[in-house]
Structures are given as C-alpha cells and as structure tokens.
Amino acid sequence: MSAEQRPALFGSVVEFVEGYLTLVYRRDIDTHAWCPEWWQHAEAVVRLDALWRAWEHHRLRENTGLSMWFLDHADPHMGVLFSLDGPFSGCSVRIGHSAKVPPLSLKAPPLPDLFRSPTLTRDD
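In this text, all values refer to a predicted model and were calculated from it rather than measured experimentally.

### Let's talk about the packing of aromatic side chains
Part 1 of the argument: Summed over the entire model, instances satisfying the criterion amount to 13 aromatic pairs.
Part 2 of the argument: When the ring of tyrosine 20 is compared with that of tryptophan 69, the centres are 6.2 Å apart and the planes differ by 65°; the resulting orientation is edge-to-face. Of this pair, tyrosine 20 sits in helix H1 (residues 13–24) while tryptophan 69 sits in helix H3 (residues 65–82), and the two are 49 residues apart along the sequence.
Part 3 of the argument: Assessed through its relative accessible area of 16%, tyrosine 20 is described here as buried.
Part 4 of the argument: Considering the side-chain rings of tyrosine 25 and phenylalanine 82, the 6.0 Å spacing of their centres and the 55° angle between planes classify their relative orientation as tilted.

In structure tokens:
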C-alpha cells in the first residue's frame, strides 16, 4: 500500500479536533478566542475540516510534512480561529457558545445568471 492509499488516522474532523488539535494547540483562554461548541460555527467547521484533511495528507510526507502543515495550514487557520474578532468572538471557554456574530448580510445580484460559471472539470 502506497503512502497515498493509507487510511486516514482520524475518521472525522471531530476525532481530529478532540484527539489531536486541541491537545497540540494550547492557548491562554483570556487572550485567545475559542468555543467549546466549535461545531456550531460554520466557518470554524470548514477551516477545521480543511486542517484535518491537510494534516492527513502532510503526515505521510517524511521529514518536513508536518512542518509544512503547521506553516502553510495550521498556523494561518488557527490564527483566524483564535482571533478575538474571528468566528468565535462572543464565545469563551468560561461562558460557552454564543451566536452573537450573525452571517454576513446579502443582497442578490440584479440578474440571477450574471455570475453563472461554465462546467468545470477536475484537475486531479
């Protein structure tokens, strides 16, 4: 079995966050944002899922794989997640989840098909 065919070490983003990420990243909760109910924040779910998938890919790369994961993926995403004005603003470990930050407001474009894209093909 090649490195590309190995099964994922973690079966889900939840397993990854609980069994790896929150054990590796430790921060002062008074100066960094975090929500114990991270799964209630769409942006956090997307970012953490991307981190998990990138980690599964980079962990198989010998020598510098995990270093690349930290520099190119984890540190930028976690910087946004830990930011006091990021998706967890209003939440804290002490008080828990808050739905204080609403989704961005939208106004539909005047022509519904204005930004329709052509059929795309996958490059991988």
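### As for the pattern of salt bridges
Once their charged atoms are close, side chains differing in charge can pair, the charge on each being opposite to the other.
Part 1 of the argument: Evaluation of the coordinates by the stated rule reveals four salt bridges.
Part 2 of the argument: Arginine 94 serves as the salt-bridge partner of aspartate 30, at 2.5 Å between the closest nitrogen and oxygen. Of this pair, aspartate 30 sits in the loop between H1 and helix H2 (42–58) while arginine 94 sits in the segment after H3, and the two are 64 residues apart along the sequence.
Part 3 of the argument: Note that arginine 47 and glutamate 43 form a salt bridge whose closest N and O atoms lie 2.9 Å from each other. On the criterion of helical spacing, the pair formed by arginine 47 and glutamate 43 is a turn pair, its members being four residues apart in helix H2.
Part 4 of the argument: According to the relative accessible area criterion, glutamate 43 is partly exposed, its value standing at 37%.

### Digging into H1
Part 1 of the argument: Along H1, the positions that sit buried rather than exposed are Val13, Phe16, Val17, Tyr20 and Leu21. Seen from one end, H1 has its buried residues packed into an arc of 135°, which puts them on one side.
Part 2 of the argument: Lining the buried residues of H1 we find H2 and H3.

### Brief notes about the packing of H2 against H3
Part 1 of the argument: Interhelical geometry of H2 versus H3 gives an angle of 175° and a closest axis separation of 9 Å. It follows that H2 is roughly antiparallel to H3 by the angle criterion. Listed contacts from H3 to Glu43, Ala44, Arg47, Leu48, Leu51, Ala54, Trp55 and His58 of H2 are Gly65, Leu66, Met68, Trp69, His73, Ala74, His77, Met78, Val80 and Leu81.
Part 2 of the argument: Of the residues assigned to the contact of H2 with H3, the class counts are twelve nonpolar, four polar and two charged.

### Considering the packing of H1 against H3
Part 1 of the argument: Contact geometry for H1 and H3: axes closest at 13 Å, N-to-C directions at 90°. With respect to each other, H1 and H3 are oriented roughly perpendicular. Touching Phe16, Tyr20, Leu21 and Val24 of H1 are Trp69, Phe70 and Met78, all from H3.

Analysis parameters
Residues numbered from 1 in each chain as written. Predicted model: local features only at pLDDT ≥ 70, side-chain atom pairs only at ≥ 80, totals over all residues. Heavy atoms only, no water. Phe/Tyr/Trp six-rings, centres within 6.5 Å; stacked < 30°, edge-to-face > 60°. Helix = DSSP H or I, 4+ residues; strand = E, 2+ residues; numbered from the N terminus. Buried < 20%, exposed > 50% of the residue type's maximum accessible area, 1.4 Å probe, protein only. Salt bridge = Lys/Arg side-chain N within 4 Å of Asp/Glu carboxyl O. Arc of directions from axis to C-beta. Contact = heavy atoms within 4.5 Å. Axes fitted to C-alpha atoms, helices over the stretch in contact; angles between N-to-C directions. Parallel < 35°, antiparallel > 145°, perpendicular 65-115°, else oblique. Nonpolar A, V, L, I, M, F, W, Y, C, P; charged D, E, K, R; others polar.

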